[in-house]
Amino acid sequence: MAHSAARSGRRADARQNAEKIVQAAVTCLGRNAEASMNDIAHEAGVGRVTLYGHFPSREALVEAALVRLLTQGNKVLEAVDLTGDPRDGLRALMESGWLLIAQAASVLQAAQTALPSGRVQELHAQPEQRVHDLIRRGQAEGVFRADIPADLLASVLHHILHGAATDVAAGRLDPTDTPRFVAEMALAVCAVPPAAPQH
């Protein structure tokens, strides 16, 4: 019985340490995309042996940090109402998506450097599917242009968000204006243009 309780306690400690390490990775990489394993261990208040016992490489830890942010972000995006006019849904999704990318920009940069090609895209599959589904519904309802494939429209929206993040990081764009800008650009790309006035 005592051995069982001790094992249970060790497992709880291990989970707690892993949790602290991932949160420390989010914090450190959020400040500096090149943060080292030593930086993260120091932030988490654990030794290198404990750190490497949970995450054998920086790549594994960067991926865990990105997954943490994507999971949190997905909960936010799931709360966005996409049941009404697809144009309103797209605006809300782009504004929420921008805020999430702004928070995760440095971690995302670290992931793009540390993880194998294509892995970051795989991890983004669920939020990206939400955008694809909304675009296809808008096309079916005649409010989004159907002369351009939904996949290409979704790809352009992805580039709008990441381009905005780059411009904000470089000081070329005011972050307070950016949610409105990305939403307006998304609608300009996807919405069926208004009919020209008849003379």
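In this numbering scheme, every chain counts its residues from 1 along its sequence in written order. Confidence filtering applies because this is a predicted model: local features only for residues at pLDDT of at least 70, side-chain atom pairs given and counted only at 80 or more, and all residues used for totals across whole chains, interfaces and linings. Computation of side-chain values: all heavy atoms of the structure, hydrogens and water removed.

Undergrad: So what's going on with the packing of helix 8 (residues 150–169) against helix 9 (residues 178–190)? Residues and values would help.
TA: Between two packed helices, the angle of one axis relative to the other and the distance separating the axes together describe the packing. Between helix 8 and helix 9, the shortest axis-to-axis distance is 10 Å and the interhelical angle comes to 155 degrees. Judged by the inter-axis angle, helix 8 sits roughly antiparallel to helix 9. Considering the relative orientation of helix 8 and helix 9, their crossing is right-handed. Every residue of helix 9 that contacts helix 8 at Leu153, Val156, Leu157, Ile160, Leu161, Ala164 and Val168 is listed here: Thr178, Val182, Met185, Ala186, Val189 and Cys190. Think of each axis as a best-fit line through the C-alpha atoms, taken over the contacting stretch in the case of a helix, with angles from 0 to 180 degrees between the N-to-C directions. By definition, any uninterrupted DSSP run of H or I lasting at least four residues is a helix, any uninterrupted run of E lasting at least two residues is a strand, and each is numbered from the N terminus. Each angle is binned into one of four classes, with values under 35 degrees roughly parallel, values over 145 roughly antiparallel, values of 65 to 115 roughly perpendicular, and all other values oblique. With the far helix as reference, a near helix turned anticlockwise by less than a right angle produces a left-handed crossing, and one turned clockwise produces a right-handed crossing. The contact definition used throughout considers only heavy atoms, calling two residues in contact when any of these lie within 4.5 Å.

Undergrad: Describe helix 2 (residues 37–44), and please don't skip the residues or the numbers.
TA: Relative accessibility thresholds used throughout: buried, under 20% of the residue-type maximum; exposed, over 50%; partly exposed, between the two (1.4 Å probe, protein chains only). Where helix 2 is concerned, the buried positions are Met37, Ile40, Ala41 and Ala44. Axial view of helix 2: buried residues confined to an arc of 100 degrees, hence all on one face. With its phi angle positive at about 75 degrees, Gly45 sits one or two positions after the end of helix 2. In this context, the arc is that of the directions from the helix axis out to the C-beta atoms.

Undergrad: Let's hear about the environment of Ala102: which residues, and what values?
TA: Here Ala102 is to be found in helix 5 (residues 86–114). You can call Ala102 partly exposed: its relative accessible area is 39%. Spatially, the C-alpha atom of Ala102 lies 27 Å from that of Pro149, the residues being 47 residues apart in sequence.

Undergrad: Mind laying out the side chain of Arg68, listing which residues take part and the relevant values?
TA: Its place among the elements puts Arg68 in helix 4 (residues 58–78). Looking at Arg68, its side chain comes within polar contact range of the side chain of Gln23, at 3.2 Å. Those residues within four positions of Arg68 in sequence are excluded, and the remaining contacts are Glu19, Val22, Gln23 and Val26. Polar contacts, as counted here, are pairs of nitrogen or oxygen atoms within 3.5 Å of one another; within protein the pair requires one atom able to donate a hydrogen and one able to accept it, and residues that are adjacent in sequence qualify only if both atoms are side-chain atoms.

Undergrad: Can you tell me about the packing of helix 5 against helix 8, naming the residues and giving the values?
TA: Two elements in contact, helix 5 and helix 8, have axes separated by 9 Å at closest approach and are oriented at 50 degrees. As the angle between them shows, helix 5 and helix 8 are arranged oblique. As helix 5 runs across helix 8, the sense of the crossing is right-handed. On helix 8, the residues touching Leu90, Met94, Gly97, Trp98, Ile101 and Leu108 of helix 5 are Leu157, Ile160, Leu161, His162, Ala164, Ala165 and Val168. Taken together, the residues that form the contact of helix 5 with helix 8 break down as 11 nonpolar, 2 polar and no charged. Ten residue types, Ala, Val, Leu, Ile, Met, Phe, Trp, Tyr, Cys and Pro, are classed as nonpolar, four, Asp, Glu, Lys and Arg, as charged, and the remainder, Gly among them, as polar.

Undergrad: Can you break down the pattern of salt bridges residue by residue, with the values?
TA: Where charged atoms from two side chains of opposite charge come close, those side chains can pair. Salt bridges are defined by distance alone: a side-chain nitrogen of Lys or Arg within 4 Å of a carboxyl oxygen of Asp or Glu. One pass over the structure, following the stated rule, counts 10 salt bridges. Between Arg31 and Glu43 there is a salt bridge whose closest N-O contact spans 3.1 Å. Within this pair, whereas Arg31 is found in helix 1 (residues 2–31), its partner Glu43 is found in helix 2, the two being separated by 12 residues in sequence. Using a relative accessible area of 58% as the deciding quantity, one classes Arg31 as exposed. In this structure, Arg87 engages Asp85 in a salt bridge whose closest nitrogen and oxygen atoms are separated by 2.8 Å. Salt bridges here are not isolated pairs; linked through shared partners, they connect Glu63, Arg119 and Glu122.

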